[in-house]
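Topology and contacts: notes
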Amino acid sequence: MLDHHTKLVRVDTSKAGPGTGSSGAAGGVWLRPSARAGRDAPPLSRGRIVEEAVALLDEEGVGRLTMRRLAERLGTGSTTLYWHVKTKDDVLDLALDAIFAEVEIPPVGDRGWRADITALIGRWRTTLLNHPWSATLLGRPMLGPNVLARSEFLYATLLRAGVTEPHLTAAAYGLSNYVIGSALMQTTWTTNVEQATRQAAQEHLRANRERYPALAAHGPLTVDDEWDGSFALGLTWLLDGIRANAAAEVPTRT
């Protein structure tokens, strides 16, 4: 979940406006103190802002989120909003972390590492599908407390399974990229592509089966009821590979 390519960028604040500032880029909201509202600002909290932002994103998507529209939904002005969040990137970072609170961390028990990871990844997928806009933002620096807590659980569970570096990072990223890619493909294909277009695409492959025989027979243009089964099977394969590598890393006792 935590992007290992994340780099902290130094931002020139000498000409900062109301929507800029130190660490004003994506992810910067987690690296600076929370802004305080002015003395005359109406009652408005960061929590309320994030709640309304998530609602707007769920209803209309990332492309329709602007600071002006968010302020209007909150019944306030953009200037007041900037007392709490400096940029649209702040809002997106906060909203993305907020929905990760829905990804329940499995309680401590004796189910085993595989069951724990299956539960976590399954809940993560459900959350992404419930908020279709979210999968498109997961390339951002993800440093919020909800994301980090779930990343910590994933890494700790893999360590408990006996997975060590370099396989630990590979396993964590393999699982993360799988759930992100799966959710992104499903939301794009089922939300943005009309049924008639999907059917036409399948017919196109079948009509060109001599050129694309494998795709015509087994292509990715799946029907709606195949998503869950395909995801579960792919996750099983990933976990089988992780288990095999973890077992190979355990030194043989003589």
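Analysis parameters
Residues numbered from 1 in each chain as written. Predicted model: local features only at pLDDT ≥ 70, side-chain atom pairs only at ≥ 80, totals over all residues. Heavy atoms only, no water. Helix = DSSP H or I, 4+ residues; strand = E, 2+ residues; numbered from the N terminus. Buried < 20%, exposed > 50% of the residue type's maximum accessible area, 1.4 Å probe, protein only. Contact = heavy atoms within 4.5 Å. Areas by Shrake-Rupley, 256 points an atom, 1.4 Å probe, with all protein chains shown as cover. Salt bridge = Lys/Arg side-chain N within 4 Å of Asp/Glu carboxyl O. Axes fitted to C-alpha atoms, helices over the stretch in contact; angles between N-to-C directions. Parallel < 35°, antiparallel > 145°, perpendicular 65-115°, else oblique. Left-handed = near helix turned anticlockwise from the far one by under 90°. Nonpolar A, V, L, I, M, F, W, Y, C, P; charged D, E, K, R; others polar. Core = buried A, V, L, I, M, F, W, Y, C linked by side-chain atoms within 4.5 Å. Domains from an automatic or database assignment. Phe/Tyr/Trp six-rings, centres within 6.5 Å; stacked < 30°, edge-to-face > 60°. Expected span 1.5 Å × (residues − 1). Arc of directions from axis to C-beta.

**Some details on the overall build of the chain**
A count of helical and extended segments in the chain gives 10 helices and 0 strands. Listed by position from the N terminus, the elements making up the chain come as α-α-α-α-α-α-α-α-α-α. Expressed as a percentage of the 254 residues in the chain, the buried residues total 37%. Restricting to contacts in the chain with at least 6 residues of sequence separation, those with at least 24 account for 71%. Surface accessibility of the chain: about 14400 Å² in total, with carbon and sulfur atoms responsible for 55%.

**Overview of the environment of Arg69**
Within the secondary structure layout, Arg69 lies in helix α2 (residues 67-74). The spatial distance from the C-alpha of Arg69 to the C-alpha of Leu56 is 9.1 Å, given a sequence separation of 13 residues. Discounting chain neighbours no more than four positions away, the residues touching Arg69 are Leu56, Glu60 and Arg64.

**Digging into the pattern of salt bridges**
Applying the stated criterion across every chain, the model contains 11 salt bridges. Across the pair Arg140 and Asp93 runs a salt bridge, and its minimum N-O distance is 2.9 Å. Pair noted here: Arg140 is in the loop between α5 (113-130) and α6 (145-160) and Asp93 is in helix α4 (residues 88-99), with a separation of 47 residues, a long-range link. What makes Arg140 buried here is its relative accessible area of 12%. A residue is classified by how much of its surface remains accessible, and Asp93, at 4% relative accessible area, is buried.

**Quick notes on the packing of α5 against α6**
The interhelical angle for the contact between α5 and α6, taken along N-to-C directions, is 155°, at an axis separation of 9 Å. Our classification of the angle between α5 and α6 gives roughly antiparallel. Both α5 and α6 take part in a crossing whose hand is left-handed. Only Arg150, Phe153, Leu154, Thr157, Leu158 and Arg160 of α6 make contact with α5, whose side of the interface consists of Trp113, Asp116, Ile117 and Leu120. The residue inventory of the contact of α5 with α6, partitioned by class, reads 6 nonpolar, 1 polar and 3 charged.

**Quick look at the nonpolar core**
In this structure, Leu81, Phe100, Leu158 and Leu175 are the most contacted members of the largest nonpolar core, which totals 50 residues. Among the secondary structure elements, those contributing two or more residues to this core are α1 (46-60), α2, α4, α5, α6, α7 (167-192) and α10 (227-249). Two domains each donate at least three residues to this core, and these are domain 1 (41-98) and domain 2 (108-192 + 224-248). Setting aside chain neighbours within four positions, we find Leu81 in contact with Leu44, Ile49, Met67, Leu70, Ala71 and Leu74.

**Digging into the packing of aromatic side chains**
By the definition in use, this model includes 2 aromatic pairs. Geometrically, the ring pair formed by Tyr178 and Phe231 is stacked, given 4.9 Å between the ring centres and 15° between the ring planes. Within this pair, whereas Tyr178 is found in helix α7, its partner Phe231 is found in helix α10, the two being separated by 53 residues in sequence. The exposure class of Tyr178 is partly exposed, given its relative accessible area of 22%. According to the relative accessible area criterion, Phe231 is buried, its value standing at 6%.

**Some thoughts on α1**
With 15 residues, α1 extends 21 Å from end C-alpha to end C-alpha; this agrees with the ideal 21 Å at 1.5 Å per step. All of the buried residues in α1 are Ile49, Val50, Ala53, Val54, Leu56 and Leu57. Down the axis of α1, the buried set is contained in an arc of 165°. They therefore lie on one face. Exposed residues lying more than 90 degrees from the buried face of α1 are Glu51 and Glu59. Looking at the buried side of α1, the elements it contacts are α2, α3 (78-81) and α4.

**Looking at the side chain of Ser134**
Along the chain, the position of Ser134 falls in the loop between α5 and α6. Assessed through its relative accessible area of 0%, Ser134 is described here as buried. Discounting residues that sit within four places of it in the chain, Ser134 has contacts with Leu96, Ile99 and Leu128.

**A few points about the packing of α1 against α4**
Between α1 and α4, the least distance of the axes is 9 Å, while the angle of their chain directions is 85°. In terms of orientation, α1 lies roughly perpendicular with respect to α4. Together, Arg46, Val50, Ala53, Val54 and Leu57 of α1 and Val91, Leu92, Leu94, Ala95, Ala98 and Ile99 of α4 make up the contact between the two elements.

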